[in-house]
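If you want the building blocks of each chain, they are given just below.
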Amino acid sequence: MRQCPNCKTNNPDDARFCNYCGMRLPESKEETLYSDLDELEEAPKTEFSDQEIEEESEKVIDEAKKLFNPDEKEEKEVFLQEEKKEERKEERKEERKEDEDTDTEQEQLKKQLTIPENLDRMIEEVTRQELEQELHRKIKLKEGSGKEQSHLDETEGVSEPTLMIGEKTEEEADEPTRMFTGDIGDFIKKKREYEDVPEEDAYEEILQSWERKRKEKKIKREREGKDPSRIPKFIKEKHSWSDLTAKQKKAVKRIVAGAAVFAAFCIFESYYGRPEAVAERYCKAYVKEDWKKTGHLSDLPKNGYATQDEYATYMKKNAVTGVEDYQIKETKENRQIKIESGGKQRAFTVEYKTKTQGKNKETVVLQKQKRQRLLLFANWKVSSDKMIANDFNLYIPAGSTAWIDGTKLTKNDKIKDDSDGLDQYKISLFEGNHKIRIDVPWFKTYKSEFKASDKGSTTISKMKVSQSGKKKLDKKMKEILSSYIKAAKEEKSFSQISGLFEKNSKYEKENKEFYDDLKEQLSSKDGYKADQITTDNYEGKYVISGVTGVVRGTLSYDYKVTYQKEDVTVGDMNGTVDGSSQMSAEFVYKDGNYQLRTVNPGSIWYRESQ
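All values derive from a computational prediction rather than experimental measurement.

K.L.:
Before we go on, may I ask you to explain the overall build of the protein in this structure?
P.N.:
Summing up its helical and strand segments, the protein has 15 helices and 19 strands in all. For the protein, with 610 residues in total, the buried portion stands at 35%. If you take every contact in the protein between residues at least 6 apart in sequence, the share linking residues at least 24 apart comes to 59%. Entry remark: accessible area of the protein is about 40,600 Å², with carbon and sulfur atoms responsible for 47%.

K.L.:
When you look at the packing of aromatic side chains in this model, what are you seeing that I'm missing?
P.N.:
A ring pair, where both rings are aromatic, is described by two values, the distance of the centres and the angle of the planes. For the structure on display, the rule yields 15 aromatic pairs. With centroids separated by 6.1 Å and ring planes inclined at 45 degrees, the aromatic side chains of Tyr282 and Tyr286 adopt a geometry described as tilted. Taken together, the residues span about one helical turn, with Tyr282 and Tyr286 both in helix H11 (residues 275-287) at a distance of four residues. Taking relative accessible area as the criterion, Tyr286 reaches 18% and is therefore assigned buried. On the numbers, 5.6 Å between centres and 15 degrees between planes, the contact of Phe392 with Phe450 is stacked.

K.L.:
Quick question: what am I supposed to make of the packing of helix H14 (residues 467-489) against helix H15 (residues 508-521) here?
P.N.:
Contact geometry of H14 with H15 gives a least axis separation of 8 Å together with a crossing angle of 60 degrees. In terms of orientation, H14 and H15 fall into the oblique class. Note on packing geometry: the crossing formed by H14 with H15 is right-handed. Contact residues: H14 offers Tyr484, Ile485, Ala487 and Ala488, while H15 offers Asn511, Tyr515, Leu518 and Lys519. Each residue belonging to the contact of H14 with H15 can be placed in one class, and the counts come to six nonpolar, one polar and one charged.

K.L.:
Just to check I follow, could you spell out unusual backbone geometry for this structure?
P.N.:
Trans peptide bonds make up most of the peptide bonds, and negative phi angles are found at most residues other than glycine. One non-glycine residue, Asp405, lies in the positive phi region at around 50 degrees. Mapped onto the elements of the fold, Asp405 is located in the loop between strand E9 (401-404) and strand E10 (407-408). Using a relative accessible area of 24% as the deciding quantity, one classes Asp405 as partly exposed. At Asn537, a residue that is not glycine, the phi angle is positive and equals roughly 55 degrees.

Scoring rules and cut-offs
Residues numbered from 1 in each chain as written. Predicted model: local features only at pLDDT ≥ 70, side-chain atom pairs only at ≥ 80, totals over all residues. Heavy atoms only, no water. Helix = DSSP H or I, 4+ residues; strand = E, 2+ residues; numbered from the N terminus. Buried < 20%, exposed > 50% of the residue type's maximum accessible area, 1.4 Å probe, protein only. Contact = heavy atoms within 4.5 Å. Areas by Shrake-Rupley, 256 points an atom, 1.4 Å probe, with all protein chains shown as cover. Phe/Tyr/Trp six-rings, centres within 6.5 Å; stacked < 30°, edge-to-face > 60°. Axes fitted to C-alpha atoms, helices over the stretch in contact; angles between N-to-C directions. Parallel < 35°, antiparallel > 145°, perpendicular 65-115°, else oblique. Left-handed = near helix turned anticlockwise from the far one by under 90°. Nonpolar A, V, L, I, M, F, W, Y, C, P; charged D, E, K, R; others polar.

Next up, the structure:
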């Protein structure tokens, strides 16, 4: 094992770099021996004389005699000598094995230390030692070791970043075969193909394969007449205007002309869209009474109710006419004031003269819009707050459809209200009078006018029922009255007729009291028993309440009751009572139909007064 002098990690004998920190290991004895093979000289031969040979042979014979006739002391000495001989034999065997291993290691090292002839051209400015060290370090980083960085920073061999292949040359700067500047995963994937090959040989093989591919691509591009360095010709050759072809000159002229036109357009739009320029155009159009142009320069609401036609009508009624001269001055104290909408505003004072009124002043406020013009330029509009009734509340009966000045109200402007009998709309209109049209189910079309003001409100009611609507409501009222009288005569509970009302009605207690009164009137007691009850001569009237929006109806009717009376002296007597009464009810429009909210069936009395 070879120990790294830097991190003290044990490495295989054939390793040239530390497997932990990447430090180059010092040369081993085998490498030193291999490098000095050529300098080795043959050992001198030793010759022995006959006398020396005889002396050595006598010593051997004496030792043999002692083995056959040993003393106790001599036996110990002989035993020790034999052990020493055995140890020497073992040592010689180990030395022979080491020599054989050394020979094989020397052969392997010789193969590993064989440097290809084209290695200096392959790595160009980078030395082989630095390249292998950098690759080894990056592999360790990829495997997730967190300690090699601190060791490498302390090691002299990696204190400076290693240059990659082609890093300083234009010829190889864009080649895909340059060394790793990003992910090391490709190299690790490639190295797995050489798991059974020594580490240094694997590096060399991978580098050589990359170099061969790079050269093949370079030769292919040269054969195709392309620049091997892949540098665009117009950058490499740096043509002058005279060297360009007619098509190239035409293309350059078009690009320059397009850029000039775009620049001029941007300059014009920036100047044309300035608040000062917008105020000037607005005043010119105002003097000429060009209300169409002034309308386009104003920030009218986008809800569709304040239309350009409505704007023109409003200006004809309220605008100052006969303006002869004007001057625009910016109001400094109002410059760039932040407002609630998140934009900015600019105020200008306009001094003007008229034929009838003389000199006057008017403030024109410009509002910066959130939406830019042409997606690039600021969009300034003249504020229309002075002429617009913002957040105007309109209340109309539930289920109805309305039009304001011919524009239909949309669901987007509808607001949920506590009163389910009325629909609330919040809209923005020009201040002043407006026409409204309302279509209500079962009622005649309503047409009228209302006056709009800033944050004001109005409620539309007093619709008249139509002929078909009256028939439908009369039918509902008759069915309710018939159900009430039948249930009360049979003395049923209120829960048995609660299905006539709207669900979850808050008027249940009140309705129950009216029903119990009718049941008391038609009950059989005090000797009276109602036999037959009939109603006729109906007359209904209906109106929409302006406060709640519900439909209130009354149904007048005549009734006839035939009854029996128990008399102690005479016996049972039959009688008939005629009378008239009035039923009242309220309906609310829900789920596309009118539902019953409250009802008072009236009074039906047939007993004689006591």
